[in-house]
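# Summary of the model geometry
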Amino acid sequence: MWQVRGYDTFAREEYLIGEYPTRQLAEAAADAAERRHAEFQDEPLRDRVWIVPPKEDSSSVARPSRAAPAGCAVDIASHTASRNCPCKE
């Protein structure tokens, strides 16, 4: 299953938005979440959203703009390399 995950920049917590059987459904859910966040959250505190591909599908790659960097989803507190990563907040 494809996961859409978010990071609450105010609470500094990662959360699951949902799990989807296809990349297309995951992207649609991520787009919807980003639209909601843009409408209701100020930019400095806006939640971040990304897509995590299924573990069994090693050839799949999430959209770069939403992909959690390697190791980030597992150890979100130690990742600092990507400007899009919620860890940077």
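One structure accompanies this document, and this report is about it. Bear in mind that the values here come from a model prediction, so they are computed numbers and not experimental data.

Turning to the overall build of the protein chain, a few remarks are in order. A tally of helices and strands in the protein chain yields 1 helix and 3 strands. Reading the secondary structure of the protein chain in the N-to-C direction produces β-β-α-β. In the protein chain, 48% of the contacts between residues at least 6 apart in sequence involve partners at least 24 apart. Accessible surface for the protein chain amounts to roughly 5600 Å². Of this, 51% is attributable to carbon and sulfur atoms.

Our next topic: the environment of Glu-56. Looking at the secondary structure, you find Glu-56 in the segment after strand E3 (48-52). Once the C-alpha coordinates of Glu-56 and Met-1 are considered, the two residues, 55 residues apart in sequence, prove to be 8.9 Å apart.

A word on the sheet that holds strand E2 (residues 13-20). What the 3 strands build is an open sheet, ordered E2-E1-E3; its pairing is antiparallel. The sheet terminates laterally at E2 and E3, the two strands that pair on one side only. Recorded for the sheet is a direction-independent mean angle of 25° between the axes of neighbouring strands. Direction of pairing for strand E1 (residues 2-8) relative to E2: antiparallel, over a ladder of 7 bridges. Counted as the bridge partner of Gly-6 is Tyr-15 from E2.

The rules behind these values
Counting restarts for each chain, with residues numbered from 1 along the sequence as it is written. In keeping with the predicted nature of the model, local features appear solely for residues at pLDDT of at least 70, side-chain atom pairs appear and are counted solely at 80 or more, and the whole-chain, interface and lining totals rest on all residues. Side-chain numbers here rest on the full set of heavy atoms in the structure, without hydrogens or water. Strands here are runs of E lasting at least two residues and helices are runs of H or I lasting at least four, both read from the DSSP assignment and numbered beginning at the N terminus. In this analysis, two residues are considered to be in contact whenever any of their non-hydrogen atoms come within 4.5 Å of each other. Surface exposure here means Shrake-Rupley accessible area, sampled with a 1.4 Å probe, where a residue is shielded only by the protein chains that are shown. Any two strands with at least two DSSP bridges between them are considered paired. For helices, the fitted axis covers only the stretch in contact; all axes are lines through C-alpha atoms, and the angles between them, taken along N-to-C directions, range from 0 to 180 degrees.

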